[in-house]
Amino acid sequence: MACPGASCPIHAKGRHLSVSSVPVIIKKYANRRLYDTELSAYITLENLMDMVKQDRAFVILDARTGDDITRGVLAQVMLEEETRGRAMLPVAFLRQLIRCYGDSRQGEVSDYLERMMTEFMDRQPPAVTPDGLEELGRENAAVVRQAMSLFTSLYAVERVGNRTVENLLQEIMDLRQQVAALQDRHGDAPNENGSR
């Protein structure tokens, strides 16, 4: 018996899923065109970016082979944004990331980046007055520089050999304390005179 309406549950590997929780299937054809099977229409990389921002679940499949190529297409979306003057990824970070490909710790790096981005996106930005924006920007830049140097140092351990795992763990703990202190400080934003 057919179930009326879009909220009809379906079965997937023993689970009940509503139609809205099922990822949209997008097919990529040899001519590089993307076809949204839910809309029955061709879409662009900008449409994909909007879907990501709306937290819409989707999977991109190669139309010929059926292979999941979601990761590669999302990397293409990022590349488009980076080349449009909206660059976000520092060159030093990209170099370090490229060095990790094929490394025995590649999986660890992937897990670490996913955790850090999840924590970053879940964190609420502090309420800051316009007078405090410049100071906040300097402090955030300093924390990012420290994080980047720590990330770099993790891959320099084998080459340099003068740092121990204990030293690196201590640096991580120090960095976490500094981030927590920054978050605490910006919970109490400066007033018009710049004082807290």
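Higher on the page you've got the structure.
Asker: Would you mind going over the packing of helix α3 (residues 91-100) against helix α4 (residues 106-122) with me for this structure?
Answerer: Helix-helix packing is described using two parameters, namely the angle between the two axes and the distance between the axes. Interaxial distance between α3 and α4 falls to 9 Å at its minimum, and their mutual angle equals 140°. On the basis of their axis angle, the class for α3 and α4 is oblique. Contacts between α3 and α4 involve F93, L97 and C100 on the former and, on the latter, Q106, V109 and L113. Partitioned by chemical class, the residues of the contact of α3 with α4 number five nonpolar, one polar and no charged.

Asker: Could you clarify how one ought to interpret the sheet that holds strand β5 (residues 41-43) in this entry?
Answerer: The strands making up a sheet are joined through hydrogen bonds of the backbone, oriented either antiparallel or parallel. Taking strand neighbours across the sheet as the criterion, the four strands line up as β5-β4-β3-β6 in an open arrangement whose pairing is mixed. Of all strands in the sheet, those with a lone pairing partner are β5 and β6 (58-62), marking the two edges. Neighbouring strand axes in the sheet, compared pairwise and without regard to direction, differ in orientation by 35° on average. Of the strands in this sheet, β3 (24-28), β4 (34-36), β5 and β6 are in contact with helix α1 (residues 45-53), which crosses β6 at around 150°. Where helix α2 (residues 70-83) meets the sheet, its contacts fall on β3 and β6, and the angle it forms with β6 comes to roughly 105°.

Asker: What's the story with the packing of aromatic side chains in this structure? I'm lost.
Answerer: In this structure the tally under the stated criterion is two aromatic pairs. A centroid spacing of 6.5 Å and a plane angle of 65° characterise the contact between Y29 and Y42, whose relative ring orientation is edge-to-face. Here Y29, found in the loop between β3 and β4, pairs with Y42, found in strand β5; they are 13 residues apart in sequence, far enough to count as distant. Residue Y29 is classed as partly exposed on the basis of its relative accessible area of 34%. Taking relative accessible area as the criterion, Y42 reaches 42% and is therefore assigned partly exposed. Pairing Y35 with Y42 gives two aromatic rings, centres 5.2 Å apart and planes at 70°, and the pair type is edge-to-face. An aromatic cluster is defined as three or more aromatic residues linked by ring pairs; in this entry it consists of Y29, Y35 and Y42. Positioned above the aromatic ring of Y42, the side-chain terminus of R33 is 3.8 Å from the ring centre.

Asker: How should the nonpolar core be read in this particular structure?
Answerer: It is characteristic of soluble globular proteins that their nonpolar side chains tend to be buried jointly. One finds V24, I26, L34, I43, L48, M49, M51, F58, I60, V73 and V77 forming the largest nonpolar core, which totals eleven residues. The dominant element in this core, judged by the number of residues it contributes, is α1, at three residues. In this structure, F58 is in contact with P23, V24, I26, L48, M51, V52, T70 and L74, ignoring residues within four places of it in sequence.

Asker: Just checking my understanding: could you explain the side chain of E81 for this structure?
Answerer: You can see E81 is positioned in helix α2. For E81, a relative accessible area of 13% corresponds to the buried category. Beyond its immediate chain neighbours, meaning those up to four positions away, E81 contacts M49, R86 and A87.

Asker: Would you explain the pairing of β3 in this entry?
Answerer: Each regular strand carries side chains that alternate between the two faces of the sheet. Alternating residues of β3 divide into V24, I26 and K28, all buried, and I25 and K27, none buried. By the bridge criterion, five bridges tie β3 to β6 in an arrangement that is parallel. Looking at β6, one finds that I26 is bridged to I60. Pairing of β3 with β4, which is carried by three bridges, proceeds in the antiparallel orientation. By the bridge assignment, K27 is partnered in β4 with Y35. Linking β3 to β4, which pair antiparallel, is a turn of five residues; within it R32 sits at a positive phi near 70°.

Parameters at a glance
- Residues numbered from 1 in each chain as written.
- Predicted model: local features only at pLDDT ≥ 70, side-chain atom pairs only at ≥ 80, totals over all residues.
- Heavy atoms only, no water.
- Axes fitted to C-alpha atoms, helices over the stretch in contact; angles between N-to-C directions.
- Helix = DSSP H or I, 4+ residues; strand = E, 2+ residues; numbered from the N terminus.
- Parallel < 35°, antiparallel > 145°, perpendicular 65-115°, else oblique.
- Contact = heavy atoms within 4.5 Å.
- Nonpolar A, V, L, I, M, F, W, Y, C, P; charged D, E, K, R; others polar.
- Pairing = 2+ DSSP bridges.
- Phe/Tyr/Trp six-rings, centres within 6.5 Å; stacked < 30°, edge-to-face > 60°.
- Buried < 20%, exposed > 50% of the residue type's maximum accessible area, 1.4 Å probe, protein only.
- Lys NZ or Arg CZ within 6 Å of the ring centre and 35° of its normal.
- Core = buried A, V, L, I, M, F, W, Y, C linked by side-chain atoms within 4.5 Å.

These figures capture arrangement, not role.
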